[in-house]
Amino acid sequence: MRLVSLFVYSLQWLAIAASPTLLGLFVGVILSLQSGQLNSLTIIAWGTVGFIIGGFWAERIRKQTGLSEFFGRLAGARDKPKSR
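Conventions used here
- Residues numbered from 1 in each chain as written.
- Predicted model: local features only at pLDDT ≥ 70, side-chain atom pairs only at ≥ 80, totals over all residues.
- Heavy atoms only, no water.
- Phe/Tyr/Trp six-rings, centres within 6.5 Å; stacked < 30°, edge-to-face > 60°.
- Helix = DSSP H or I, 4+ residues; strand = E, 2+ residues; numbered from the N terminus.
- Buried < 20%, exposed > 50% of the residue type's maximum accessible area, 1.4 Å probe, protein only.
- pLDDT = per-residue confidence, 0-100.
- Axes fitted to C-alpha atoms, helices over the stretch in contact; angles between N-to-C directions.
- Parallel < 35°, antiparallel > 145°, perpendicular 65-115°, else oblique.
- Left-handed = near helix turned anticlockwise from the far one by under 90°.
- Nonpolar A, V, L, I, M, F, W, Y, C, P; charged D, E, K, R; others polar.

Let's talk about the packing of aromatic side chains
For the structure shown, the criterion picks out 2 aromatic pairs. Here the aromatic rings of Trp13 and Phe51 are separated by 6.3 Å at their centres, their planes lie at 75°, and the arrangement is edge-to-face. Pair noted here: Trp13 is in helix α1 (residues 2–34) and Phe51 is in helix α2 (residues 40–64), with a separation of 38 residues, a long-range link. Aromatic side chains Phe70 and Phe71 sit 5.5 Å apart centroid to centroid with 80° between the ring planes, which places their arrangement in the edge-to-face category. A relative accessible area of 22% places Phe70 in the partly exposed class.

In structure tokens form, the structure reads like this:
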């Protein structure tokens, strides 16, 4: 059971780190296309920067609130308040 919880914990960490990574890849593609050619080194470099930022962000969330609590708050958040 410990192996399953470690796997879920890792997936939660990667889910948090994936958002800045995808943003970095998107910035890399935009900058690469702006220069006139699709340069894979630029895309990989920006993706790496995004993953590093995402890793620091995921670690900060893990240490401050906890990964399960963070995703629990996201899943339990209401879109609009109850009307009286």
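Observations concerning the confidence of the model for the chain
The share of residues in the chain with pLDDT of 70 or more is 96%, and the mean pLDDT across the chain is 89. When pLDDT is averaged over each helix and strand of the chain, the minimum, 86, is found for helix α3 (residues 67–76) and the maximum, 94, for α2.

Focus on the packing of α1 against α2
Across the interface, α1 lies against α2 with an axial gap of 7 Å and an inter-helix angle of 150°. Judged by the angle between their axes, α1 and α2 are roughly antiparallel. Here α1 runs over α2; the crossing is right-handed. Looking at side-chain class alone, the contact of α1 with α2 contains 17 nonpolar, 10 polar and 2 charged residues.

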